Amino acid sequence: MTAPGQTRPAEKVRDTACYVYGILPGDVELTPDARGLRDYDVDLVRHGEIAALVSDIDLGGPIGRPEDLTAHERLLDDAAVEVPVLPMRFGAVLTSREAVERELLAANHDQFLAALDEIEGRVEYTLKGRYEERAVLREIMSENPDAAGLLEQIRDRPEELTRDARIRLGEFINQAISAKRDADTQWAAQTLGEYARASVPRRPTHPEDAVQVAFLVETDRRSEFEKAVAKVAEEWQGRVTLRLLGPMAPYDFVVTPSPGA
Amino acid sequence: MTTAVQPAGGGGLGRPSGGGLADVIDTILDKGLVIDAYVRVSLVGIEVLAIDARIVVASVDTYLQFAEAANRLDLTQTEEQGIPGLMRDLQEGGAKYKTRGAIEGVGEKLREFVGMDDAERSVPRRRRRSGEE
């Protein structure tokens, strides 16, 4: 019954929904202090032998603030150290828990279960390296007389007068770095691949990126792998600044092939 | 078997120190299972506010910057430690709105790990995002 003059809210407008972080085995239990996006409670929706890690969220506006992104990743990465996790890309939202169970879990149960079996006891690490600019430029100049010649042409001369030579030199440097990146990425993947179950190169995200590779590592070989990374870092000291991220959920090992693949 | 999902790092390596927002963005906006491939009917097209995952596009500006960096380089100097490039992460990529909705029809399958340790490891393909760059 609506009072006179009062406008009725639009029919069927949902104000809550179910955010899905990832898929886990059905026999896990949550610790009570697990927090999700925007500090929402985290819960499990179970079906058969699998479960979805979810939060009921308000649909009051867009999601994706920095805290939202880090909350999503932290929750999954922490879980991945303990149990196999299939991470969802950020932003997976369904209408309700019932929909999660019926459409996501029931409809894909066997496929998810098989994937969870595959990643049981494994975690991902991501190795990221950036060239030390001066070191890599010196390397390029000493290896390539043509580049060194171009450098002489522009040396201490104003940019307006040397623009073409600068562009040619810069393009040369860019290509030389690309070639080094390919070689260094391959070398790192091979060297560290001995301690990993699988590896996948990532696309560079910066012109001076030296290496970006994701590794899937057996849990009981983690320290071995980390030691091997430390050795690589030592070898590249002064040339490449390395960072190792992880252990994390295996984001790089659950993939989306193109349609029809 | 019952396993606890621990919310905070319990021993081991702990959280990586270098994992900043740029790293998180590269990972959780670019990798992971895409829900659209599994669910259609009950998908909620929520607006995702996010910096897009970054890719490198070499441009004339990049070239000019490289040339200037080379120009500043003192080749007579034997060895000097460069400035770590960590801070540069902050400047990469531009903030923009992005809506991830229910309209994508990309089929997704889980990668099979079986046989991956054979000599010929195949590299998993990534979804190519349409309409970008």
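Bear in mind the structure is a predicted one, so any value in this text is a computation, not a measurement.

About the criteria used
Residues numbered from 1 in each chain as written. Chains lettered and ligands numbered in written order. Predicted model: local features only at pLDDT ≥ 70, side-chain atom pairs only at ≥ 80, totals over all residues. Heavy atoms only, no water. Helix = DSSP H or I, 4+ residues; strand = E, 2+ residues; numbered from the N terminus. Buried < 20%, exposed > 50% of the residue type's maximum accessible area, 1.4 Å probe, protein only. Phe/Tyr/Trp six-rings, centres within 6.5 Å; stacked < 30°, edge-to-face > 60°. Core = buried A, V, L, I, M, F, W, Y, C linked by side-chain atoms within 4.5 Å. Contact = heavy atoms within 4.5 Å. Salt bridge = Lys/Arg side-chain N within 4 Å of Asp/Glu carboxyl O.

**Some thoughts on unusual backbone geometry**
All names here are of chain A.
Reasoning step 1: Looking along the chain, the bond that leaves G246 and enters P247 is cis, with omega of 5°.
Reasoning step 2: At R38, a position not held by glycine, the phi torsion is positive, near 50°.
Reasoning step 3: Residue position: R38 is located in the loop between β2 (28–30) and β3 (43–47).
Reasoning step 4: R38 gets classed as partly exposed once you look at its relative accessible area, which sits at 34%.
Reasoning step 5: At D156, a position not held by glycine, the phi torsion is positive, near 55°.
Reasoning step 6: Tracing the backbone through its elements, the reader meets D156 in the loop between α5 (145–154) and α6 (163–193).
Reasoning step 7: Overall, D156 belongs to the exposed group, its relative accessible area being 66%.

**Points about the packing of aromatic side chains**
Residue and element names in this part refer to chain A.
Reasoning step 1: According to the stated counting rule, one finds six aromatic pairs over all chains in the structure shown.
Reasoning step 2: A ring pair is formed by Y125 and F225, whose centres lie 5.0 Å apart and whose planes are at 40°; its orientation type is tilted. Of this pair, Y125 sits in strand β7 (residues 122–131) while F225 sits in helix α7 (residues 222–235); the two residues are 100 residues apart in sequence, bridging distant segments of the chain. Each member of the pair, Y125 as well as F225, carries the same accessibility label: buried.

**Regarding the nonpolar core**
Reasoning step 1: With 38 residues, the main nonpolar core has A:M141, A:L169, A:I173, A:L192 and A:F215 as its most contacted residues.
Reasoning step 2: Elements that contribute at least two residues to this core include exactly β7, α4 (133–143), α5, α6, β9 (209–218), α7 and β10 (240–248) of chain A together with α2 (60–72) of chain B.
Reasoning step 3: With eight residues, α6(A) is the largest single contributor of residues to this core.
Reasoning step 4: Apart from residues no more than four positions distant in its own chain, A:I173 is found in contact with A:L137, A:I140, A:M141, B:F66 and B:A70.
Reasoning step 5: Listed in part, the 35 residues of the second largest apolar core include A:V42, A:L69, A:V85 and A:V93.

**A word on the pattern of salt bridges**
Reasoning step 1: Tallying each qualifying case throughout the model produces 24 salt bridges over all chains.
Reasoning step 2: B:E68 is the partner of A:R166 in a salt bridge, and the nearest nitrogen-oxygen pair spans 2.7 Å. Placement of A:R166 in helix α6 and of B:E68 in helix α2 is noted, with the two residues assigned to different chains.
Reasoning step 3: The class of B:E68 is partly exposed, set by a relative accessible area of 27%.
Reasoning step 4: Among the charged side chains, a salt-bridge network with shared partners connects A:E124, A:R202, A:R203, A:D252, B:D30 and B:K31.

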